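Chain residues, written in single-letter form:
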Amino acid sequence: FLRRPQADAIALGARGEDDPQLPQDVVTPLLEGLGYRIAGAEIVALVDGKFQADLVFVDGTRVELRPSDA
């Protein structure tokens, strides 16, 4: 479940160098440093009124995540 403050932080996008890093600022460089490239995120199902999502990597690997995390 994505709450308004988290959605606002994500929607603001890039921040200045002096601003604290948020999880989404760290995950992509971390994964790329380990040799992984993210292709995107996909909503894959709606179960009991809740969306389910996959984070999809260029090599086809998929990781199930909450849509707000993907």
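Please read these numbers as outputs of a predicted model, since none were measured by experiment.

Trainee: Please explain unusual backbone geometry as it appears in this structure.
Mentor: Trans is the prevailing form of peptide bonds, just as negative phi is the prevailing case for residues other than glycine. In this model, Asp48 sits at a positive phi of 50°, which is unusual for a non-glycine residue. Summarising the element assignment, Asp48 is placed in the loop between strand S1 (38-47) and strand S2 (50-57).

Trainee: What's the story with the pairing of S2 in this structure? I'm lost.
Mentor: Each regular strand shows side chains that alternate between the opposite faces of the sheet. Sheet topology places S1 next to S2; eight bridges connect them, and they run antiparallel. Pairing of Val47 across the sheet is with Lys50, part of S2. Where S1 hands over to S2, the hairpin turn is made up of two residues, of which Asp48 adopts a positive phi near 50°. Note that S2 and strand S3 (residues 62-65) share four bridges and pair antiparallel. Bridge pairing in S3 places Leu55 opposite Val63.

Trainee: I'm lost on the pattern of salt bridges in this one. Help?
Mentor: Two side chains carrying opposite charge are able to pair once their charged atoms lie near each other. Going through the model one piece at a time under the given rule, you end up with three salt bridges. Residues Arg62 and Glu42 are paired through a salt bridge, measuring 2.9 Å at the closest nitrogen-oxygen approach. Of this pair, Arg62 sits in strand S3 while Glu42 sits in strand S1; the two residues are 20 residues apart in sequence, bridging distant segments of the chain. Residues Asp54 and Arg62 are paired through a salt bridge, measuring 3.1 Å at the closest nitrogen-oxygen approach. Take Asp54: its relative accessible area is 10%, and that puts it in the buried class. Accessibility expressed as a relative area gives 42% for Arg62, which makes it partly exposed. A cluster of three or more residues bridged by salt bridges with shared partners is formed by Glu42, Asp54 and Arg62.

How each quantity is defined
Residues numbered from 1 in each chain as written. Predicted model: local features only at pLDDT ≥ 70, side-chain atom pairs only at ≥ 80, totals over all residues. Heavy atoms only, no water. Helix = DSSP H or I, 4+ residues; strand = E, 2+ residues; numbered from the N terminus. Pairing = 2+ DSSP bridges. Salt bridge = Lys/Arg side-chain N within 4 Å of Asp/Glu carboxyl O. Buried < 20%, exposed > 50% of the residue type's maximum accessible area, 1.4 Å probe, protein only.

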